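Next come the chains, spelled out residue by residue.
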Amino acid sequence: MAGIGFELRRMLGKDSYLSEMSAYLYAAMVSSGPWLMSVLCLSVLGLYSYSGFTRLDQEIFRTTIVYVYAFTLVYVGYIQLVVTRYLADKFYMGEERITLTAFFSSSVMVLIIGSIIGIGGLWTFELTVTYKIIAVMLFLIVAMIWLAMIFLSAVKDFRSIVQAFAVGTSISVGGAFLLYPVMGLDGYLLGYTIGQAVIYFWLLARLLAEFPPTRVMDWSMFTYFIKYWELALIGMLFNLAIWIDKILFWFAPDSRMVVPYLRTHDMYEGPIFFAYLTIVPTLAIFLVKIETKFYEHYHDYFAKIISKKDLASILEEKKGMIHMLKESLREILIVQGSLTLLCLFMASDFIEIVGLSPIQKPLLQIALIGSLMQVMLSVAVIILFYFDLRKEVLFITLIFLISNTGLTLLSMKLGFTFYGYGYCYSCFISLMFAYYFVSKSVTDLEYITFAGQPVV
Amino acid sequence: MHSKDEKEYDVCLLLEGTYPFVAGGVSSWIHNLIKGMPDLTFTAVCILATSKEKAEYRYEVPDNFVDLKVVYLHDPIEVSKNPFKKISANNIERLKKFHKQLDNESAGNMTEMVDLFRNNKFPLGELMHGKKAWDLLVERYNVDENKESFIDYFWTYRFTHLPIFKMLPLDLPKAKVYHTISTGYAGLLGVVARVMTGRPLLLTEHGIYVKERKIEISQAEWVYRKKDERFRVDSKLGAFQTFWIRMFEQLGKMCYNYSSEIYTLYEGNKDLEILEGADPDKIKIIPNGISLDAFLGLKAADHDYKGQTEFAVGFVGRVVPIKDVKTFLRACKMVALKIDKLKVYIMGPTEEDEEYYEECVNLMKLLHLEDVVEFTGKVKVTDYLPNLDVIVLTSISEAQPLVIMEANCAGIPAVASDVGSCRELLEGRTVSDKALGPSGIVTKVADPVGTGEAILTILQKPILRKKMSLAGIERVKTFYRESDLNETYLKIYRKYMNMDDLE
């Protein structure tokens, strides 16, 4: 999320209630906008159905969308952090012109590898050829949206992101409705895809307007994949770790094959997705906090070191940073905790509203707690990234991935009453490790900063 | 540390930034020493700054100087941490204790430290990146009281310690005697050799290393000082300059402590060494010698001192500020006013400091000395010596200037500022030396009037001039023969080579 900080600080600097609100809104959109929009989209589409729009069609469509989002996130993950890092470095050196070139080169990479994965993954499914072609296109478009987002948030253009998603999502819904009568399920997906394409081209236009055209390939960017291999690995594996329990449940004994080989697990997915929605406010709050207040402390801390201050005043500054971190974490815990608690108590009502089955209530409850853990985990990871502790984050990522895999498989074996516990405990375990590293690295911050310096 | 069949040398020299890669007074001295003892085998460990600068031999090294080993002090190194090699709590305590000893102005127990380093108890990766070493650094910084820039403390700590960490585990050639020609890093190697092998360590200091570093560091721009400190009128040193200097002082003290004997060129140096913590009883003065053949008899024995009406004054040295040519020119003005037929030769390269040379030329014109003074540039001094009546040296700093020894040897009286061993060379050092009488006049530093008067005294008193001439020749013959110098060192080497291992 490189770069959002400046814009947020500017907004908060205006010191009005409205600007503060919009700061939080932007942060929410940037941190979880696409996810939010797609869930919203699916809900709107799900609430209204045509005559003749079968339950099967509905499920094929829904599963397609979920697959596309899940796998694009995992797939683009390897590029996300590396490119963010690359752009941050370039901006720091004042070479903003490079951006478009880097965007083109990474687009080429995403499209080529994405086509192979998309076609390879979707081709075996028993769906019409037209549907598969559209699905592959959707896969590529969504992947490209993630990529464009990275670049746009690097240039701090959040307004465009929000506008693009608002317009694009509306077109997706409208398009799906309009094209279904003409082309059936294929049209439904095509309509949705057109809306997503609008989002992509909107973002692309914004990028093109922002930067002068340059050469297409930027080879220096690719060296970053070698130099920062941990980032590539973390980006991909962390997203995989988030999704692995869902993916595993698609293959659980009690999962269901919609059509070969499009699988879904009705019991598991719903509660998990809805629980996940509860973390949106937290992510927004945290983003604002870390990119404004924490950044300031972090900046001041290093400014003190560089401006040749004595250790006592550096430690004094650190005290402020630790205090701020504790404050923020407490605040998050209060906000997210109360929200989670509220949802826990109101789980029955919630289930009724969104049309889940009452037997899913315990699963929703444990998923709510799991989501709380997961968002705290993300917070810890972002802090660790601030200190550039890539090895530690990689370690946590692996713990998350392995524990989520293992415990999810275990919970599947133990039966329905244990569903969700795997995910929840995995988040808990990873969170404990992450907090250990955060607290250790803040305590040892000078040691990490100095002693890690290469010798001469 | 050494296997039995390893080659053993008679003498291992420990050299820092000198022979055979850098030309200069000390290098020539080493060259002549080795050449003068063809029966002994010499080897050396030579410390140079970086391998980036090409290390080329500047001397045709004698056959008995073999298997030179070169060590680069500031070459970049990759250090990686090995998670299985930590520093034990016990050893870090020892390191702390060692630092405390140094803080209390003692030289510390190097035997233990060298042992620990050589047995890899302090892996470099841990010292540079490890937590325990970090905690020690912070403890030594002293958060509660220290108000100095921490980032500079950190880098100063690293830069001062890294070369030492590199020196301590080095493999040294096996030798019967180790002889270091300076304290500092070469001196540290000497200490390591002494501690590891039990063989005696000898130290010869031409210039006083610690003093030279002090001058260098106090002038160094790259050592960080707080802004207000730099512009302060008094010359108090910044904390980081003090840090560096203290490190060199401590290295010096260690080397003095572990040396069996310390040799230096003249009394003034001895006093400085004592001031830096050397045991006075260990210090012996061995002045440099010169080869007499080139200079003896240059002045005709039947030279008519009394009937002389034309005079020539010589100045031998590079035209640079440290030689204080301007004082010399002003003194010449005084002389020129009294003596009609005067010629002054300034013999030495002028291109080293063009700006200063120009200033000197301007001063010469200002004093209307164009007809009297001649800048000869670099010349063969022996061509001029026979015609000179007095040689002048106005240097601000010298050790044991060859110019004066050569003047003595050639039978030409000298006027020299009171620096280095000039007084010893002109008035004698020991009782028997003093009895020979003066071979010139010593003046104050930067004193044109005193210098002028001294020159006039010599030129206007033919009998004194002749006496001085004879005293100079006798002095060099008796006390400053190069062959005697080699003999002295040969005796020393033999004595220590045959000595049993020390504990």
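That block above? That's the structure.
Below, the structure is looked at part by part.

How each quantity is defined
Residues numbered from 1 in each chain as written. Chains lettered and ligands numbered in written order. Predicted model: local features only at pLDDT ≥ 70, side-chain atom pairs only at ≥ 80, totals over all residues. Heavy atoms only, no water. Buried < 20%, exposed > 50% of the residue type's maximum accessible area, 1.4 Å probe, protein only. Helix = DSSP H or I, 4+ residues; strand = E, 2+ residues; numbered from the N terminus. Contact = heavy atoms within 4.5 Å. Polar contact = N/O pair within 3.5 Å; in protein donor to acceptor, adjacent residues only side chain to side chain. Phe/Tyr/Trp six-rings, centres within 6.5 Å; stacked < 30°, edge-to-face > 60°. Lys NZ or Arg CZ within 6 Å of the ring centre and 35° of its normal. Salt bridge = Lys/Arg side-chain N within 4 Å of Asp/Glu carboxyl O.

Let us look at helix α3 (residues 110-118) of chain B. Structural remark: α-helix, 3.6 residues per turn; residues separated by three or four positions point the same way. Residues and elements named next belong to chain B. Regarding α3, the residues found buried are Met 110, Met 113, Val 114, Leu 116, Phe 117 and Arg 118. Residues of α3 that are buried in the fold lie against α2 (89-103), α4 (124-129), α6 (150-167), α7 (184-197) and α10 (239-258). Directly after α3, the chain includes Asn 120, whose backbone phi takes a positive value near 60°.

Another aspect to go through is the side chain of Thr 18 of chain B. All names here are of chain B. With respect to the helices and strands, Thr 18 occurs in the loop between β1 (8-16) and α1 (25-35). Side-chain polar atoms of Thr 18 contact the side chain of Ser 27, separated by 2.8 Å. Among residues more than four places away in sequence, those in contact with Thr 18 are Val 26, Ser 27, Ile 30 and Cys 46.

With the rule as written, the count across this model stands at 63 aromatic pairs over all chains. When the ring of Phe 154 of chain B is compared with that of Trp 155 of chain B, the centres are 5.0 Å apart and the planes differ by 75°; the resulting orientation is edge-to-face. The class of Phe 154 of chain B is buried, set by a relative accessible area of 2%. Under the relative-accessibility criterion, Trp 155 of chain B is labelled partly exposed at 23%. The ring centre of Tyr 224 of chain A lies 5.4 Å from the NZ or CZ of Lys 227 of chain A, which sits over that ring.

Let us now look at the pattern of salt bridges. Within the structure shown, the criterion is met by 42 salt bridges over all chains. Put simply, Asp 103 of chain B and Arg 246 of chain B hold a salt bridge, and the shortest N to O gap is 3.6 Å. A residue pair is termed long-range when its members are at least 10 positions apart, and Asp 103 of chain B in helix α2 and Arg 246 of chain B in helix α10 qualify at 143 residues. Among the salt bridges present, the one from Arg 423 of chain B reaches Glu 427 of chain B, with a minimum N-O distance of 3.2 Å. Of the two residues, Arg 423 of chain B and Glu 427 of chain B are both situated in helix α16 (residues 422-427); the distance of four residues between them amounts to about one turn of the helix. Note on Arg 423 of chain B: relative accessible area 36%, which makes it partly exposed. Among the residues examined, Glu 427 of chain B registers a relative accessible area of 30% and is labelled partly exposed. Members of the salt-bridge network, linked through shared partners, are Arg 85, Asp 89, Glu 230, Asp 388, Arg 390 and Lys 391 of chain A.

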